[in-house]
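Given next are the chains, with one letter for each unit.
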Amino acid sequence: MQLTQDTLWAAVFATSKASVTLKMGSSQQTFSVDPGVTKLKIPAAAGTIQVTMTRNGQVIASAAPTDFTYTNNPVRYNYNAYVGAAIGGMIGHSNSPTK
């Protein structure tokens, strides 16, 4: 399978119903997720990434990496790659900068 669209993907592992907001630059959408694994996506837009999971008005997990900014025209490669995780308020990540 070849993907040609610029997209922010998220795999959400939820123990109960929650809301997940994906934000990348000016692109933003909030999703309702059920218990289990849910694959989400939004169109890519230049800027930083923010992901937040809320349940009953409380933030359960969030991530806003400061070491990666998506660009529409990377200098070295024709792709941007970043992998991150947020677990119950703890943030961990590894990245592959393309600048």
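This write-up is about the structure you can find in this document. Note that the structure is a prediction, hence the values are computed from the model and not measured.

Of the two faces of strand E2 (residues 18-24), the one lined by Ala 18, Val 20, Leu 22 and Met 24 is fully buried and the one lined by Ser 19, Thr 21 and Lys 23 carries no buried residue. Pairing of E2 with strand E3 (residues 27-33), which is carried by seven bridges, proceeds in the antiparallel orientation. What sits directly across from Ser 19, in E3, is Ser 32. Following E2, the chain reverses through two residues before pairing antiparallel with E3; Gly 25 in that reversal takes a positive phi of roughly 60°. Bridge count for E2 against strand E5 (residues 49-55) is six bridges, and the pairing is antiparallel. Note on E5: the bridge partner recorded for Val 20 is Met 53.

All right, on to unusual backbone geometry then. Phi is positive for Asn 56, close to 55°, though the residue is something other than glycine. Note on placement: Asn 56 falls in the loop between E5 and strand E6 (58-63).

Rules behind the numbers
- Residues numbered from 1 in each chain as written.
- Predicted model: local features only at pLDDT ≥ 70, side-chain atom pairs only at ≥ 80, totals over all residues.
- Heavy atoms only, no water.
- Buried < 20%, exposed > 50% of the residue type's maximum accessible area, 1.4 Å probe, protein only.
- Helix = DSSP H or I, 4+ residues; strand = E, 2+ residues; numbered from the N terminus.
- Pairing = 2+ DSSP bridges.

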